[in-house]
Every structure is written in C-alpha cells, then in structure tokens.
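# Architecture and fold: a report
Read off the chains here:
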Amino acid sequence: MFTSLVTSELPEELYLSDTVRQGEKRVADLLGISMYELMERAGESVFSVIQQRYEHCRHILVVTGTGNNGGDGYVVARLALASGYKVTLWQVGSSQKISGDARSAEQLFRSAGGKVYEPNFELDDSIDLIVDGILGTGLTGKLREYAESVITTLNKSSCPIISIDVPSGLDSDTGRQLGTTVKANATVTFIALKRGLVTAQARSHVGELLFAGLSVDRAFADHNAPNALLTSARWRDRLKAGAQDSHKGSHGRLLVVGGGDGMSGAAYLAAAASLRSGTGLLASIVYQSSCFPMRSLLPEAMVSDVEQLSERLDWCTSICLGVGLSRLDWGKHAYDEVMSRAYNVPKVIDADGLYWLAQDNLDARMIANTVITPHPGEAAMLLNCSVKDVETDRYLSVEKLCQKYQCVTVLKGAGTLISDGKKTVVCHAGNAGMATGGMGDVLAGVISSLLAQGYKPIDAAILGSVIHSMAADHNASKYGQVGMMASDVLDSLRHIINC
C-alpha cells in the first residue's frame, strides 16, 4: 500500500532528468505499477504537503501545463476538491494537447466537478496557495512568451508557491533559468533527486526541497547509477578522530604563502581557519610589510618573509598558495618557487595563485596532488571563457577544469561543486551571507588543514567545503545572514568539527 511520505531528508544520489524519465518507466514495469499510478502518488504527495504545512489554506490555485507535470497538478486539484477546498485551475496551453496519463487525470478532475480556466493574469484575493505544475523536467529550451507571462503573474503574488517536481522555467539538469522561473517556497520532487535542483540559480527558486520516493525510489536507485552526489550533515562523520596520545606534530605542518603588500588579512583568514580546523603547526610566508600584522593577529603562527620560503617548503606537509598573493613581481616569484620546488607537496591553489596558474604552461602532472578553488570568475579565467559560460552549466564547467588541470576542483558558488574528474559532489550547505570578501580564504585554509592532516585531496576538498558551509550556516542561525564576515565563521568552524 502506498504511503505519501514526503521528507526534507534528501537522498545522496543525483541524477540527470532523462535518466529519471527513462528509469521510472523501467522500474514501474519491474514492480508492476502503471505510470498513471505513479502520477496519482505524485499528486497525493504534493497534496499531503498542503495539508500538513498549510493547514489554514482554503482556496488553492493550481496552474497546469499540457504534460505529465500538469497531470500531477490535476491530481492535486481533484484531491483538494474532494477534501472541501475551493480550487481554481488555470490551464496553460491548449487542453487539446493533453494526452496519455495527463489526459486521464484531467478527465477525472472534470468528472469530480472541477472547472478549467484559462489564465486571467489577475489573482483572486481569496487565494491562499499556488501549486505550480506548468512545466516539468523535460524543459530544455527557452520558455514561450505566454508561459513566461503566467509565471511572472505567479511570482508577483504574495501567496506561497509549491512547485511540482521542479520550478517551472528551471533546467533540472543544470540549475539555470531558461527564462522567467517560478520562485517557489517549496518544491516536491519525485523518485530521484535531479541534479539541477541543488546548484546555481536553483538555490534561489526551489525554496525548501522536499523528496517523495513514491515507494519506488529504492528500486530506482538499485537499477540506475547516479550522475553526482549530494552531501549532508552526516558526511561530517567522515572526519578522523584524533588519537589521545597525539601531539602537535601529528596534525600536520601547513605553510600559507600569500599576504602580499596590504593583503595580510587574506593570509590571516586562511591561517586562522586552518588552525581552527585542527592543523598542528602553521607557518606563513608573507610580504615583508604583512609580517607585523600577521604576527599581531595570529601569535600561534610562525611568520616570515620570502627569504625563508625555501626552508619552509622543505618543512611543510601541505601548502595553501595564493591567498592575497598579489599579481605583482613578489607574488609571481613566490608562486614560481612553490610550483618548481614543491610541486609534489599536497596543496590548495586559490585566489591570485589561480591567476598565476592560468598564465602557467606547466605540465598538469605537476599539480596532480592539488586542489584548486576557483569562484566563477576565476573559473572563467582558467577556462578562457565568460562567467556566463561557466554558470550556464556548472557541472560541465567543473568537469572541464578537472580535465584541463588534472586535479581536484572546487567550483565555489551557490551549490559548490567538488570533483576529481571521476566523481562530482555538491555541497548541501551554505547561505547567501557567504557572498562576502575573505570567505574563500577561510575555505582554502580549511581544505589545506585537512591536506596537512593526511586526507586525500578529494576527501579534503569535500569535507572542507561541507565544514566551511555548515559553519557559515551555524553562524547565520545565531545572528542572521546579513552582515556575516569571513572572520565570523572561524569560531563556528571549531563548533562544527567538534559537535
């Protein structure tokens, strides 16, 4: 018997939408379930969310398209009608185009006394809730003008919106907008988690992401390989417990190379973050004018100028290169020294280090033990393309970066992606308050710390991204997102690692 279980606890596996469309048919056949039954289950799942989370709702506007997503909407409308709700249904596109299971759902709604209207672009003041069933996962091209007008009308409303499977107008494979996109308060997705719902512009349109397996999700996962993975708070358990007889030398020796003239803050943030993440010993090579500020801000660090770089390269177990390094001669010299003398030492290359990397013609094998951490602008520089190109398909962009540089890549942004070219992982955590200067320096410090402690580059990159983003979420939960500074996250790092 089907139970409409909807949960905010998301599966780890991420899929391409076409894999889900093809796979759900095979699994339904395997389990002896009709596709219409799956449509009924999808509608029941969305309706259960309405009943549980919007108990004061009395008038529902359901907006449907002509495909199966619209069919799910018709099921929701029929169930709401049968439960005593007032239901208004807008049909976007000619009802003559509705076919198959969606046609069956439409006819059952009409038979139950439901009425179908064309959108009038003016919402009744008595409407309490909107259900978006206009466009599903099959959307790949630009929206038609009529559909965009309807979506614009919905977004202007103050009513909460629940999207069925995917917010209409969003590419469920990449997370980019294909035109005007529904800005949902919640999205209920079915059977398997589509990878475009957790990164890029999806973060601003999905709202709370809810999952309904429709009692076929386990069978689906058994027969279909995921395209990527989504982290969760449970991934933090992969951190190694420190031995009770350990000492400072047991937890790695990290060298931070950066802090050019006037940019000591970047080196400080990376260094402090690494210590908060468990680094045993930390040294920093900075520009001469940055030595005093670094020593004052972080007495736990051993700070010196570039004259001691050679000695420190022989001493360290990992390197954080580039934070505030500068694009001047001093920065170029420090970059060249590190890359020529310590290419086999595990390292993170960030910020201005990425600028020098983009100019470098070095053999990719020389940075095989490396994690690069570009934001979209830096990724565009590394790939010699535009930021728009990068953000159009973040999954493809991180794949290209891995191919070109043959190392682990962390593509920062909403829904940070981490990949080694074989496995791609999306960080589940993070918030808009992180869009502030210095936050990337903190992340570089966390990942470098894990490298110093002996984690493999891919594991350090994944765990570092999770810890960093969860720390920012922890700080935001206490004080709010607006006004969060990178340094605010430092104390929260310790909390996340130890809790």
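In what follows, the accompanying structure is described. Computed from a prediction, not measured in an experiment: that's the story for all the values here. (Residues numbered from 1 in each chain as written. Predicted model: local features only at pLDDT ≥ 70, side-chain atom pairs only at ≥ 80, totals over all residues. Heavy atoms only, no water.)

## Comments concerning the overall build of the protein chain
A count of helices and strands for the protein chain gives 17 helices and 19 strands. Over its C-alpha trace the protein chain gives a radius of gyration of 26 Å, about what one expects of a compact globule, namely 23 Å for 499 residues. Along the longest, intermediate and shortest principal axes, the C-alpha atoms of the protein chain span 85 × 45 × 45 Å. Burial statistics for the protein chain: of 499 residues in total, 56% are counted as buried. Within the protein chain, residue pairs in contact and separated by at least 24 positions form 73% of the contacts whose partners lie at least 6 positions apart. If you sum the accessible surface of the protein chain, you get close to 21000 Å²; carbon and sulfur atoms cover 47% of it. Looking at charge distribution, the protein chain has the averaged site of its 45 positive side-chain charges lying 2 Å from that of its 53 negative ones. (Helix = DSSP H or I, 4+ residues; strand = E, 2+ residues; numbered from the N terminus. Rg over C-alpha atoms; globule rule 2.2 N^0.38 Å. Buried < 20%, exposed > 50% of the residue type's maximum accessible area, 1.4 Å probe, protein only. Contact = heavy atoms within 4.5 Å. Areas by Shrake-Rupley, 256 points an atom, 1.4 Å probe, with all protein chains shown as cover. Lys, Arg positive; Asp, Glu negative; His and termini not counted. Charge placed at Lys NZ, Arg CZ, Asp CG, Glu CD.)

## Looking at the environment of S204
By the secondary structure assignment, S204 is in the loop between β8 (193-194) and β9 (208-212). For the pair S204 and D491, spaced 287 residues apart in the sequence, the C-alpha separation amounts to 28 Å.

## Comments concerning the packing of aromatic side chains
Across all of its chains, the model carries 6 aromatic pairs by this definition. Pairing F47 with Y85 gives two aromatic rings, centres 5.7 Å apart and planes at 80°, and the pair type is edge-to-face. Taken together, the residues F47 in helix α2 (residues 35-53) and Y85 in the loop between α3 (68-82) and β3 (86-91) connect sequence positions 38 residues apart. Y85 matches F47 in its accessibility class, with the two residues each being buried. (Phe/Tyr/Trp six-rings, centres within 6.5 Å; stacked < 30°, edge-to-face > 60°.)

## Quick word on the sheet that holds strand β1 (residues 13-15)
Taken together, 12 strands build an open sheet; the order of strands is β8-β1-β10-β19-β18-β17-β16-β15-β14-β11-β12-β13 and the sheet is mixed. With one partner strand each, in any of the chains shown, β8 and β13 (302-304) form the two edges of the open sheet. Strand direction decides the pairing type here: strand β15 (residues 347-349) and strand β16 (residues 370-372), joined by 3 bridges, are parallel. Its bridge partner being in β16, I349 is matched across the sheet by I372. (Pairing = 2+ DSSP bridges.)

## Observations concerning the sheet that holds strand β6 (residues 161-164)
Spatially, β4-β3-β2-β5-β6-β7-β9 is the arrangement adopted by the 7 strands of the open sheet, whose pairing is parallel. In this open sheet, the two strands that pair with only one neighbour each are β4 (116-117) and β9. Pairing between strand β2 (residues 59-64) and β3: 6 bridges, direction parallel. Its bridge partner being in β3, I60 is matched across the sheet by V87.

## Re the nonpolar core
Grouped together as the largest cluster of nonpolar side chains are 57 residues, with contacts concentrated most on V256, V371, I418, V442 and L493. Among the elements of the structure, β11 (253-257), α7 (264-276), α8 (288-297), β17 (408-411), α15 (439-452), α16 (457-479) and α17 (489-498) are those that each provide at least two residues to this core. The element that contributes the greatest number of residues to this core is α16, accounting for 11 residues. Setting aside chain neighbours within four positions, we find L493 in contact with A273, R276, S277, V442, V446, I467, H468 and A471. In terms of nonpolar packing, the next biggest core, distinct from the first, is built from 49 residues, I285, M339, L354 and L357 among them. (Core = buried A, V, L, I, M, F, W, Y, C linked by side-chain atoms within 4.5 Å.)

## Describing the pattern of salt bridges
What the rule picks out here adds up to 18 salt bridges. A salt bridge links D171 to R176; the nearest nitrogen and oxygen atoms lie 3.0 Å apart. For D171, a relative accessible area of 8% corresponds to the buried category. Close ionic contact of D491 with R276 constitutes a salt bridge, the shortest N to O distance being 3.2 Å. In this pair, D491 sits in helix α17 while R276 sits in helix α7, placing the two residues 215 residues apart along the sequence. Residue classification places D491 among the exposed positions, given a relative accessible area of 54%. Residue class for R276 comes out partly exposed when judged on its relative accessible area of 34%. Connected through salt bridges with shared partners, the residues E9, E12 and R234 form a single ionic network. (Salt bridge = Lys/Arg side-chain N within 4 Å of Asp/Glu carboxyl O.)

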